Amino acid sequence: MKDFSKKRGFVFLKEYVDAPELPKHDLKHDTNGRTVCTDCGEPVRTEVKIIMEELNIFCHPSCFKCGICSKPMGDLLNNMFLRQGKIHCESCYTKAI
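Since we're looking at a predicted model, the values are computed, not measured.

Enquirer: In this structure, what is going on with the side chain of His88? I would like to understand it.
Expert: Structurally, His88 is set in strand β4 (residues 86–89). Here His88 falls in the buried class, since its relative accessible area comes to 5%. A polar contact of 3.0 Å, which involves the side chain of His88, links it to the backbone oxygen of Lys86.

Enquirer: Even after reading the chapter, I still don't get the packing of aromatic side chains, so can you show me in this structure?
Expert: By convention here, two paired aromatic rings are described through the distance between centres and the angle between planes. Inspection of every chain in the model, using the stated rule, returns one aromatic pair. Between the aromatic rings of Phe81 and Tyr93, the centroid separation amounts to 4.4 Å while the plane-to-plane angle is 10°, which identifies the pairing as stacked. With Phe81 in strand β3 (residues 80–83) and Tyr93 in helix α1 (residues 90–96), this residue pair connects regions lying twelve residues apart in the sequence. Classification of Phe81 as buried rests on a relative accessible area of 7%.

Enquirer: What am I meant to see in the confidence of the model for the chain here?
Expert: Caution is warranted with low-pLDDT regions, since their predicted coordinates should not be read in detail. When pLDDT is averaged along the chain, the result is 77; 73% of the residues meet or exceed 70. The weakest mean pLDDT in the chain belongs to strand β1 (residues 50–52) at 87; the strongest belongs to α1 at 93. Note that residues 4–17 has pLDDT below 50 and, in this model, ten contacts with residues that lie over four places away or in other chains.

Enquirer: How do you make sense of the pairing of β4 when you look at a structure like this?
Expert: Within a regular strand, side chains alternate between the sheet's two faces. Looking at chain direction, β3 and β4 are connected through four bridges and run antiparallel. Counterpart to Arg83 in the pairing with β4 is Lys86. The hairpin formed by β3 and β4 contains two residues between the paired strands, and Gln84 there has a positive phi angle of roughly 50°.

Reading guide: rules and limits
- Every chain begins its residue count from 1, and numbering advances along the sequence as written.
- With the structure being a predicted model, the display of local features is reserved for residues of pLDDT at least 70 and the display and counting of side-chain atom pairs for 80 or more, all residues being used for whole-chain, interface and lining totals.
- Note that water and hydrogens are dropped before the side-chain values are worked out from all heavy atoms of the structure.
- The secondary structure listing takes helices from DSSP runs of H or I that are at least 4 residues long and strands from runs of E that are at least 2 residues long, numbered from the N terminus.
- The buried label applies to any residue whose accessible area, calculated with a 1.4 Å probe on protein chains only, is under 20% of its type's maximum; exposed applies above 50%, and partly exposed to all values in between.
- Whenever two N or O atoms come within 3.5 Å, that pair is a polar contact, provided that in protein one can donate a hydrogen and the other can accept it, and provided that, for residues adjacent in sequence, both atoms are side-chain atoms.
- Only Phe, Tyr and Trp rings take part, Trp by its six-membered ring, and two of them pair if their centres are within 6.5 Å. Stacked means planes under 30 degrees apart, edge-to-face means over 60, and tilted covers everything else.
- The pLDDT value tells you how sure the predictor is about a given residue, anywhere from 0 up to 100.
- Contacts are assigned to residue pairs that have any heavy atoms within 4.5 Å of one another.
- Note on pairing: two strands pair once DSSP finds at least 2 bridges between them.

Right, dumping it as structure tokens:
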């Protein structure tokens, strides 16, 4: 059996919730051509970044938060849900349904 704990660059999603088609938009770049964070607008220079192409998210881990309560979710250790085009933490999702 392979030891996946030593691999880098993989994200295992705990649950996927089907969503209607979301509008696509181009990622923004700074004057040096670097892609900027979709949350804070600063260049994403770090080795670690969160990219969710279908949701148009490209951000620093510290900027990845629940779209309702702003709970930090950049460690990707908690369940996350998609509702009405926003990422929800489990608590906000439970309240919304």
